[in-house]
Amino acid sequence: MPTSASSLLRLTDIRRRFHLGETVVEALGGVSLDIQAGEFLAVWGPSGSGKSTLMNMLGLIDQPTSGMVQFDGADVGALSDDALTDFRGRRIGFVFQSFNLVPVLSALENVALPLQIQGVDKTAALARARAGLEEVGLAEFTGTRPDRLSGGQRQRVAIARALIARPDMVIADEPTANLDSDNSRMVVDLMRQMNQAHGVTFVFTTHDPRLLEHVDRKLLLRDGRIESDEVTA
Amino acid sequence: MKASAYLAIALRGLLRNRRRAGVTLAAIAFGFAAIALFAGYTHNIYRGLSLQAIHGELLGHLTLSKRGMSREGKLAPERYLLSADDISRIRALVAANPHVKLVTLRLALSGIVSNGRASTIFVAEGVEPEAARGLQDGLRDAMDLGAAPTGGVRNLDTEKPDHVTLAAGLAGLLHLKPEDSAVILSNTLGGQANALDIRIADVFNTGNAATNDLYAYMPLQLVRSLYDAEGRADRLTILLDDVAATESVRADLMRELAAAGFDLEIRTWNELSTFYTQVRGMFDMIFGFIFSIVLTVVLMSVANSMGMAVVERTREIGTLRAIGLRRAGVVRLFVGEAALLVLLGCAVGLLLTLGVRYGINVADIAYVPPNQTEPVPLLVDLDAARIAFTALMMAVVAAFAAWMPARRAARQPIIDALGHV
């Protein structure tokens, strides 16, 4: 397992339990993990292994039951909700399985949204969003609403949105689960291309072992624990 | 996020479910129009009644008298009449106020009037005919009428001090008509019975069933003569250039008169006009009732609309929170959407109000209000103050209705919102 004092993100003995009625389910049972800047990392494993819970921890959208999450050496558990939200907005991008684009906004407006949330002037935000859409090959779809785009195109818009604020890391939970194999391949290739072009850390989950071929590092999760952590690059 | 971005997204949000937004907007628009039209109707009524009180009933804006005159004046008139010297000094002091347009004397009288065969009681006001006419003409000018409608003092004449005007009901009781003679009987200040011959100068309609068989106007000289109170009066009626200055002028005059050594009371026209106060009280209560119902309907409509919108967009809220929108931002987004809905609803409601108002005002509808003898036109004004207040209150109510579900949604864990189906 790669470790470094200058890790971009470090999880230390993370446990996450959920209460389902009388039952307590431990989704993560003491996970420790270091992620370096610029890595292209895949988390894989069977359903119920805790992949999504781990991604939520990495994306700072869930709090562990115990353990510590450090981003750039800072304990993010100490941040207030507003501070954590701002931090997330600036430093982490998200790609979701169901794309999660705002249906009433055009592709261009969807991509510009994170910048507008940060208070960037609309003209500047749209200009950067246009460049972002060009980079993912959707320059001609700027004014198109998500419901007029194919699944692959929507996920490319989502990737452009995830990268628009120039984050340190992009979290992609099952980004190819709703796509056919060609589009899945295309999306992973695009993420890899962005990782190499911008040096942005990508962490994504997948069920598809074929998509693990080009990653730097593969993390196998089983029953809420890391079963293997393999560096391939 | 900047306000313009919130508004742009809020507008798109409204357009997602057009039918639902349309129904809510219609509820707001109709509610707004109902309130605005009723407010406009009552505004017209208040305006008419205030003009009637100030000019028609000759109350002016302010009435000045000795302190206690209104309560004890009839029991001991001698004690509460102003002397000629006091009147002169008070008149000069009042006339110096820049808002004062006219100051005139009044002397109330009650007694018995007889046609030689039958008699009945009357209540009369002794007035200075020219000044009283000037006061009454204000009604004609303000309402753009050809002549003052009540005309109570129209044919009084200082040169004919025995000529009086009688209310139509009173004249009818005694079968008196213009140029007929009659006798009035009352007491002097010293308590002696005193009778004088009078001639009917005119018959007028007070417009009010309660006073139409009781009221009379007489020249001040005649009343003074009957009282044996030369040079005296019980009140000074003051007409101002602006009704809005009523309270401030009262305060100024009270201060100046007290400094000059007078112990007087000054009452405003609305304090004296019981009818105006009662009608206004009743209409204000009805307005409050309608206002409450409409606000409740708006609250329920917006709460329902925004509640459904929040539930439908739970996953979107989770996404926005994940990519950096604070909880307060989520609340702002939905509150902004509700505010926009109200703004559009009020705009449509205002157009509706203008259209219906125009229709009513040109339809030439008239009706006889309770306790009145003459029909009055049904007219609707634009009450800008209450329209603005209504829009503001609707916005506040809508913001509250949106705030509750939005706050609940904003506070739920992001992973729960993202997992919402």
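Residues numbered from 1 in each chain as written. Chains lettered and ligands numbered in written order. Predicted model: local features only at pLDDT ≥ 70, side-chain atom pairs only at ≥ 80, totals over all residues.

A. Highlighting the overall build of chain A. The helix and strand tally for chain A stands at six helices and ten strands. Relative to its length of 233 residues, chain A is compact, with a C-alpha radius of gyration of 17 Å against a globular reference of 17 Å. Principal axes of the C-alpha set define a box for chain A whose edges measure 45 × 40 × 40 Å. For chain A, buried positions account for 46% of its 233 residues. When contacts within chain A are restricted to residue pairs at least 6 apart in sequence, long-range pairs at least 24 apart make up 69% of them. (Helix = DSSP H or I, 4+ residues; strand = E, 2+ residues; numbered from the N terminus. Rg over C-alpha atoms; globule rule 2.2 N^0.38 Å. Buried ≥ 20, exposed ≤ 12 C-beta atoms within 10 Å, placed from the backbone. Contact = placed C-beta atoms within 7 Å.)

B. Up close: the overall build of chain B. When helices and strands are counted, chain B shows 15 helices and eleven strands. Against the globule reference of 22 Å for 421 residues, chain B gives a C-alpha radius of gyration of 31 Å, more extended than a compact globule. Across its three principal axes, chain B shows a C-alpha extent of roughly 100 × 50 × 30 Å. Relative to its 421 residues, chain B shows a buried fraction of 41%.

C. Representation of the pairing of strand β3 (residues 119-127) of chain B in the model. All names here are of chain B. The pairing of strand β2 (residues 100-114) with β3 spans nine bridges and is antiparallel. Each bridged residue has a counterpart across the sheet, and for L107 the counterpart in β3 is G126. Following β2, the chain reverses through four residues before pairing antiparallel with β3; G116 in that reversal takes a positive phi of roughly 100°. As paired elements, β3 and strand β7 (residues 215-219) share five bridges and run parallel to each other. (Pairing = 2+ DSSP bridges.)

D. Geometry of the sheet that holds strand β6 (residues 92-95) of chain A. All names here are of chain A. Read across the sheet, six strands follow the order β6-β7-β8-β3-β9-β10 without closing on themselves; strand pairing throughout is mixed. The sheet is open, and its two edges are formed by β6 and β10 (225-231), each paired on a single side. Strand-to-strand, the axes of this sheet are offset by a mean angle of 20°, without reference to chain direction. In this sheet, strand β8 (residues 201-206) lies alongside strand β3 (residues 40-44) in parallel orientation, the contact comprising five bridges. Within β8, the residue paired with A42 across the bridge is F204. Sheet contacts for helix α5 (residues 151-163): β6 and β7 (169-172); angle to β6, the most-contacted strand, approximately 170°. (Axes fitted to C-alpha atoms, helices over the stretch in contact; angles between N-to-C directions.)

E. Representation of the interface of chain B and chain A in the model. With 21 residues of chain B at the contact, the number on the chain A side is 22 residues. Of all the secondary structure elements, the ones that give two or more residues to the side of chain B that touches chain A are α1 (3-16), α12 (314-322), α13 (327-362) and α15 (414-418) of chain B. Per-element tally for the side of chain B that touches chain A: the top contributor is α1 of chain B, with six residues. Tallied by class, the residues present in the side of chain B that touches chain A amount to eight nonpolar, five polar and eight charged. (Nonpolar A, V, L, I, M, F, W, Y, C, P; charged D, E, K, R; others polar.)

F. Structural detail: the sheet that holds strand β5 (residues 74-75) of chain A. All names here are of chain A. A sheet is described by the order of its strands in space; here four strands give the open sequence β2-β1-β4-β5, paired in antiparallel fashion. Lying at the two open borders of the sheet, with one neighbouring strand each, are β2 (23-35) and β5. Across ten bridges, the pairing between strand β1 (residues 9-20) and β2 is antiparallel. Across the sheet, R15 pairs through a bridge with G29, a residue of β2.

G. Broad picture of the domain arrangement of chain B. In terms of domains, chain B is made up of domain 1 (3-52 + 276-418) and domain 2 (58-272). Placing a centre on the C-alpha atoms of domain 1 of chain B and another on those of domain 2 of chain B gives a separation of 48 Å. (Domains from an automatic or database assignment.)

H. Up close: the nonpolar core. With 118 residues, the main nonpolar core has V330, F334, A338, M394 and A398 of chain B as its most contacted residues. Of all hydrophobic cores here, the second largest spans 58 residues; its members include L59, L176, A216 and I266 of chain B. (Core = buried A, V, L, I, M, F, W, Y, C linked by C-beta atoms within 7 Å.)

I. Structural context of α12 of chain B. The element α12 of chain B is extensively covered by neighbouring structure, given that seven of its nine residues are classed as buried. Taken residue by residue, α12 of chain B has E316, I317, G318, T319, L320, R321 and A322 of chain B as its buried positions. On its buried face, α12 of chain B is in contact with α2 (81-91) and β6 of chain A together with α13, α14 (384-411) and α15 of chain B.

J. Quick peek at the packing of helix α2 (residues 18-56) of chain B against α13 of chain B. Residues and elements named next belong to chain B. Packing of α2 against α13 brings their axes to within 7 Å, and their N-to-C directions diverge by 45°. The orientation of α2 relative to α13 falls into the category oblique. Between α2 and α13 lies a crossing of right-handed hand. Facing A21, T24, L25, I28, A29, F32, A33, A36, L37 and G40 of α2, the residues of α13 in contact are L341, V342, L344, G345, C346, V348, G349, L350, L352, T353, V356 and R357. (Parallel < 35°, antiparallel > 145°, perpendicular 65-115°, else oblique. Left-handed = near helix turned anticlockwise from the far one by under 90°.)

K. View of helix α1 (residues 51-58) of chain A. Counting buried positions along α1 of chain A gives eight out of eight residues, so the element sits mostly inside the fold. Considered for burial, the residues of α1 of chain A that qualify are K51, S52, T53, L54, M55, N56, M57 and L58 of chain A.

L. Local environment of the pairing of strand β4 (residues 163-167) of chain B. Residue and element names in this part refer to chain B. Counting buried positions along β4 yields five of five residues, so the element is predominantly enclosed. On β4, burial covers both faces: H163, T165 and A167 on one face and V164 and L166 on the other are all buried. Judged from the five bridges that link them, β4 and strand β6 (residues 193-204) form a sheet pairing that is parallel. The partner of A167 across the bridge, within β6, is F204. Taken together, the two bridges between β4 and β7 define a ladder with antiparallel strand orientation. Paired with T165 across the bridge in β7 is Y217.

M. Summary view of the environment of G40 of chain B. Residues and elements named next belong to chain B. Tracing the sequence through the fold places G40 in helix α2. Judged by local crowding, G40 falls into the buried class, with 23 C-beta atoms found within 10 Å. The spacing of G40 and T158 is 118 residues in sequence and 42 Å in space, taken between C-alpha atoms. Each residue touching G40, except ones within four places of it in the same chain, is listed here: R357, V380, D381, L382 and D383.

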